[in-house]
Amino acid sequence: MKTTSPARMALFLAVAAALALILPYVLTPYYLGLVVKMMIFALFAMSLDLLIGFTGMASLGHAAYFGLSAYVTGLTALTLGWNVWLALPAGLMASAVAAGLFGLLALRTRGSYFLMITLALSQLMWGIAFGWRSLTGGDDGLPDVPRPRLWQGYSLTDGVSFYFFAFGLIALSGWLLYRITASPFGQCLRGIRESETRMLALGYDIWRYKFTAFVLGGLFAGLAGSLYVYYNRFVSPDYIHVARSAEVLLMVILGGAGTLIGPAVGAAIIVALENVISAYTERWVMLLGFVYVIVALFAPNGLTGLIESLRKKRAGP
Amino acid sequence: MSALVIDSVSKNFGGVQALTDVSFSIAPGERRLIIGPNGAGKTTLFNMLSGAFPVSSGQVTLFGRDITNAPPNLRANLGLARTFQITNLFPNLTVMENLILALQAQHEHAFSMFRLMRKESALFDRAQALLSQWGLSDIAGARAREISYGQQRQVDLILAMAGAPKVLLLDEPTAGLSAAEVVRVVGMIGDLPADMTVLMIEHDMDVAFDIADRIAVLHQGCLIAEGTPDEIRGHPQVTEIYLGAD
Ligand SMILES: Nc1ncnc2c1ncn2[C@@H]1O[C@H](COP(=O)(O)OP(=O)(O)O)[C@@H](O)[C@H]1O
Ligand SMILES: [Mg+2]
């Protein structure tokens, strides 16, 4: 078991919280926006980590839930004028239901078949977003999504209040995800990742665990998606595209699957990289491929794995 | 009532007839050894009993209940546990975590997301007790993949025993062990509660005849003999299979 002392953990959390409170007052609006984007993708990556890192279910269609929730939140806010209390839960509900339905199909398979079916289902959803122009605006997407409206006459229009709104929800989600992974349920997910046949032989109804994890993963991805539509004030089929699923998968692998904090850091790094070379899109895809190769060759367990092994080396044999 | 009744069980793997019409039953508390040459279908029989694969035909009954089509986890919850011929642990978890998962399986809290694993001290205490009972306390914190093969085989056995099953299936628990480890593992099996029904596949004849109340002999998927160690020893067909090369 990991041996991070409670005192060090508390210190880390206190520093992180202090930093989070100070950031909006020291960063320019542009960089504050970048931090919000990092946090949103950190949540997205952590939600995928629940599937890949903890349960051993490698999904290549996780953007489906991110995108669906973004569309539902965006559409209900735009066309029905729903405030955030309605539009956001509507998005979450939609992504949880979709994850439930897709899970019923995908969980009949494992390994590379699971990868393929999650990919296929997400592309199906991408096709709907792309093709149903009258509802979704097709490849033009939906522009001018309003900022989250808390109540009549008050919306989170400035960067700082939106930052705190997003930070609050993401911190809460991060804590919930941590609690889930530290619970008996979370321990069972690790057991399933390590040996499904042994878990079955011990008497676990593993389907129930996998299904629940899959829906939870979809739910948290949905929250990330809905926050992103409020952040960007725009949603397009790109939100659902397999390229986005691959990108979040890379965030998880880069940071180190099965650690939550690793994928969050991986997300921040990828978002930062993307920001530096945003002007050249083809180069961006190339760079992602390059990062992937580097990680696969030199840090197959991601950054957290790399740090762990360096630490072990320093501690001596 | 018999602990386990195997009634005309056959298994065909896409053309390979692994089991043909195997029938026998095991009394509660019995030590039943299953022997037979490599490829005889012994592990396949265990897979039919534990539900890892469906039978092609036949019926399996556990304490009077038909479990032929029950999923493996349900059979486990009815008190049927097994080990694996090819070690099947949770390799990247610690030995302690391996045991916790085994102990937690029958626990109503296993599905809970609102508790913290590290606060389940009752489970940790029980796992600790099991480890010290079998003299494995010093590997509690090691990952299962890092311990020796002999230790892995013992942990595999402890995982199966941890839930206090009514019927325990052991698939070659001594295979690949050193002489000293064989003694330890045979000792562990000897220490099992007398009312626990044990089915054990064993290739070492001395070990098999030593432990057995009764022995079943499989050969090319068929049950060719069944009886007490003395009956099996004198059985002409068994002698032929095992000593035919002489
Ligand atoms: N999953 C499987 N798929 C196909 N054939 C199998 C499978 N499991 C076992 N067999 C075949 O069934 C026969 C019996 O195997 P097994 O039960 O493992 O024998 P034993 O345990 O007695 O050595 C062998 O011919 C083996 O190749
Ligand atoms: Mg075998």
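What counts and what doesn't
- Residues numbered from 1 in each chain as written.
- Chains lettered and ligands numbered in written order.
- Predicted model: local features only at pLDDT ≥ 70, side-chain atom pairs only at ≥ 80, totals over all residues.
- Heavy atoms only, no water.
- Helix = DSSP H or I, 4+ residues; strand = E, 2+ residues; numbered from the N terminus.
- Buried < 20%, exposed > 50% of the residue type's maximum accessible area, 1.4 Å probe, protein only.
- Areas by Shrake-Rupley, 256 points an atom, 1.4 Å probe, with all protein chains shown as cover.
- Lys, Arg positive; Asp, Glu negative; His and termini not counted.
- Charge placed at Lys NZ, Arg CZ, Asp CG, Glu CD.
- 1 Å grid on protein atoms, 1.4 Å probe; cavity = no way out; pocket = protein on both sides within 12 Å on 5 of 7 lines; lining within 4 Å.
- Points joined across faces, edges and corners; volume = space filled by probe spheres on them.
- Nonpolar A, V, L, I, M, F, W, Y, C, P; charged D, E, K, R; others polar.
- Contact = heavy atoms within 4.5 Å.
- Polar contact = N/O pair within 3.5 Å; in protein donor to acceptor, adjacent residues only side chain to side chain.
- Phe/Tyr/Trp six-rings, centres within 6.5 Å; stacked < 30°, edge-to-face > 60°.
- Lys NZ or Arg CZ within 6 Å of the ring centre and 35° of its normal.
- Pairing = 2+ DSSP bridges.
- Axes fitted to C-alpha atoms, helices over the stretch in contact; angles between N-to-C directions.
- Donors = N, O, S within 2.8 Å, 3.2 Å for Na, K, Ca; no water.
- Expected span 1.5 Å × (residues − 1).
- Patch = residues over 30% accessible without salt bridge, like charges linked within 9 Å, V, L, I, M, F, W, Y side chains within 5 Å.
- Salt bridge = Lys/Arg side-chain N within 4 Å of Asp/Glu carboxyl O.
- Core = buried A, V, L, I, M, F, W, Y, C linked by side-chain atoms within 4.5 Å.
- Domains from an automatic or database assignment.
- Buried area = accessible area lost by both parts, 1.4 Å probe.
- Near = heavy atom within 4 Å.

Trainee: I'm lost on the overall build of chain B in this one. Help?
Mentor: Within chain B, the regular secondary structure consists of nine helices and 10 strands. Its C-alpha atoms give chain B principal-axis dimensions of about 60 × 40 × 35 Å. For chain B, with 246 residues in total, the buried portion stands at 54%. Summed over its atoms, the accessible surface of chain B is roughly 10,500 Å², and 52% of this surface lies on carbon and sulfur atoms. Each charge class in chain B can be summarised by its mean position, and for the 18 positive and 26 negative side chains these summaries are 10 Å apart.

Trainee: Explanation requested: empty space enclosed by the protein in the structure shown.
Mentor: Here the idea is plain: a probe the size of a water molecule rolls over the atoms and shows the empty space left. Residues and elements named next belong to chain B. In this structure the tally under the stated criterion is one cavity of 30 Å³ or more. Of the pockets and cavities examined, the largest cavity occupies roughly 30 Å³. Residue lining of the largest cavity: Thr-83, Phe-84, Arg-153, Asp-156, Leu-157 and Pro-173, and that is the complete set. Taken together, the residues that form the lining of the largest cavity break down as three nonpolar, one polar and two charged.

Trainee: Would you mind showing me how to read the environment of Tyr231(A) here?
Mentor: Residue and element names in this part refer to chain A. As for its position among the elements, Tyr-231 is in helix H10 (residues 206-232). In sequence terms Tyr-231 and Val-145 are 86 residues apart; their C-alpha atoms lie 9.3 Å from each other. With residues near it in sequence (within four places) discarded, Tyr-231 still touches Gly-33, Leu-34, Val-36, Lys-37, Ile-40, Arg-147 and Phe-162. In this structure the side chain of Tyr-231 is engaged in a polar contact, spanning 2.9 Å, whose partner is the backbone oxygen of Gly-33.

Trainee: Hey, could you run me through the packing of aromatic side chains in this one?
Mentor: We describe a pair of aromatic rings using the distance from one ring centre to the other and the angle between the two ring planes. With the rule as written, the count across this model stands at 23 aromatic pairs over all chains. Ring geometry for Phe41(A) and Tyr228(A): centres 5.0 Å apart, planes at 80 degrees, overall edge-to-face. Of this pair, Phe41(A) sits in helix H2 (residues 29-54) while Tyr228(A) is found in helix H10, placing the two residues 187 residues apart along the sequence. Taken individually, Phe41(A) and Tyr228(A) each receive the classification buried, so the pair is uniform in this respect. Judged by its relative accessible area of 5%, Tyr228(A) falls in the buried class. Taken together through their ring pairs, the aromatic side chains of Phe41(A), Phe44(A), Phe66(A), Tyr228(A), Tyr231(A) and Tyr239(A) make up a single cluster. If you follow Arg208(A) out to its NZ or CZ, it ends over the ring of Phe111(B), 3.9 Å from the centre. Here Arg244(A) stacks its cationic end above the ring of Tyr239(A), 5.5 Å away from the centre of that ring.

Trainee: Can you walk me through the sheet that holds strand S2 (residues 16-26) of chain B in this structure?
Mentor: The strands making up a sheet associate through hydrogen bonds between their backbones, and the pairing can be parallel or antiparallel. All names here are of chain B. If you walk across this open sheet you meet the four strands as S2-S1-S4-S5, and the pairing is antiparallel. A strand with exactly one partner marks an edge of an open sheet, and here the two such strands are S2 and strand S5 (65-66). Where strand S1 (residues 4-13) meets S2, seven bridges bridge the pair, whose relative direction is antiparallel. Bridge assignment links Leu-4 to a residue of S2, and that residue is Ile-26. Those strands touched by helix H1 (residues 42-50) are S1, S2 and strand S4 (57-62), and its axis lies near 115 degrees from that of S1.

Trainee: In this structure, what is going on with the coordination of the magnesium ion (ligand 2)? I would like to understand it.
Mentor: The expected angle between donors at a tetrahedral four-coordinate metal is 109.5 degrees. At an octahedral six-coordinate metal it is 90 or 180 degrees. Residue and element names in this part refer to chain B. Those donors, Thr-43 (OG1) and Gln-85 (OE1), are the protein atoms that reach the magnesium ion (ligand 2), and they lie 2.0 to 2.2 Å from it. Residue Thr-43 is found in helix H1, and its partner Gln-85 is found in the loop between strand S6 (80-82) and helix H3 (95-104); the two are separated by 42 residues along the sequence. A relative accessible area of 26% places Thr-43 in the partly exposed class.

Trainee: Explain helix H5 (residues 112-131) of chain A here, please?
Mentor: Structural remark: α-helix, 3.6 residues per turn; residues separated by three or four positions point the same way. Compared with an ideal rise of 1.5 Å per residue, which puts 20 residues at 28 Å, H5(A) spans 28 Å between its outermost C-alpha atoms and is within 8% of the ideal. Against the buried residues of H5(A) lie helix H3 (63-79), helix H4 (84-106), helix H6 (133-136), H10 and helix H11 (242-255) of chain A.

Trainee: Just checking my understanding: could you explain a nonpolar patch on the surface for this structure?
Mentor: Residues and elements named next belong to chain A. On the surface, Met-9, Phe-12, Leu-13, Ile-261, Val-265 and Ile-269 cluster together into a nonpolar patch covering about 510 Å² of accessible area. Those elements giving two or more residues to the nonpolar patch turn out to be helix H1 (6-26) and helix H12 (261-276). Residue placement: Ile-269 occurs in helix H12. With a relative accessible area of 32%, Ile-269 lands in the partly exposed category.

Trainee: Could you clarify how one ought to interpret H11(A) in this entry?
Mentor: All names here are of chain A. With 14 residues, H11 extends 20 Å from end C-alpha to end C-alpha; this agrees with the ideal 20 Å at 1.5 Å per step. In terms of burial, H11 is a largely internal element, 10 of the 14 residues being buried. Buried within H11 are the following residues: Arg-244, Ser-245, Glu-247, Val-248, Leu-249, Leu-250, Met-251, Val-252, Leu-254 and Gly-255. Positive phi shows up at Gly-256, right after H11, with a value of about 120 degrees.

Trainee: Would you mind showing me how to read the nonpolar core here?
Mentor: Soluble globular proteins tend to pack their nonpolar side chains together in the buried interior. By size, the foremost hydrophobic cluster in this structure holds 152 residues, and its most contacted members are Tyr204(A), Phe214(A), Leu99(B) and Val155(B). In terms of residue count, the dominant contributor to this core is H2(A) (18 residues). Taken domain by domain, the makeup of this core includes at least three residues from each of domain 1 (1-79 + 165-246) and domain 2 (88-164) of chain B. Those residues in contact with Phe214(A) that sit more than four places away from it in its chain are Leu51(A), Met57(A), Tyr65(A), Ala99(A), Phe102(A), Gly103(A), Leu107(A), Phe114(A) and Thr118(A). Counting 26 residues, the second largest nonpolar core, distinct from the first, contains Ala3(B), Ile34(B), Ala40(B) and Ile201(B).

Trainee: Where do I start with the domain arrangement of chain B in this structure?
Mentor: A common way to report how large an interface is uses the accessible area buried once the components associate. Residues and elements named next belong to chain B. With domains assigned, chain B is organised as domain 1 (1-79 + 165-246) and domain 2 (88-164). One C-alpha centre belongs to domain 1, the other to domain 2; they are set 26 Å apart. With 20 residues of domain 1 at the contact, the number on the domain 2 side is 14 residues. Here domain 1 and domain 2 share an interface that buries about 1,300 Å² over both sides, 62% of which is from carbon and sulfur atoms. Its largest share of buried area at the contact with domain 2, domain 1 owes to Pro-165, Arg-184 and Met-188, together 41% of the area lost on that side. Here domain 1 and domain 2 share zero salt bridges between them. Summed over the shared surface of domain 1 and domain 2, the result is four residue pairs in polar contact (both at pLDDT 80 or more). Of all elements in the fold, only helix H2 (72-77), strand S7 (167-171) and helix H6 (179-190) reach the threshold of two or more residues within the side of domain 1 that touches domain 2. Here the side of domain 1 that touches domain 2 gets five residues from one element, more than from any other, and that element is H6. When grouped by side-chain class, the residues that make up the side of domain 1 that touches domain 2 number 12 nonpolar, two polar and six charged.

Trainee: What is the right way to read the site of ligand 1 from this model?
Mentor: Residue and element names in this part refer to chain B. Taken together, Phe-13, Val-16, Ala-18, Pro-37, Asn-38, Gly-39, Ala-40, Gly-41, Lys-42, Thr-43, Thr-44 and Phe-53 make up the full set of residues near ligand 1. Within the backbone of Gly-39, a nitrogen or oxygen atom sits 2.8 Å from an oxygen atom of ligand 1. Contact between ligand 1 and Ala-40: an oxygen atom at 3.2 Å from a main-chain N or O atom of the residue. Relative to its unbound accessible area of 550 Å², ligand 1 is 63% covered by the protein chains. Where the shell around ligand 1 is concerned, the elements lending two or more residues are S2 and H1. When its residues are assigned to classes, the shell around ligand 1 shows six nonpolar, five polar and one charged.

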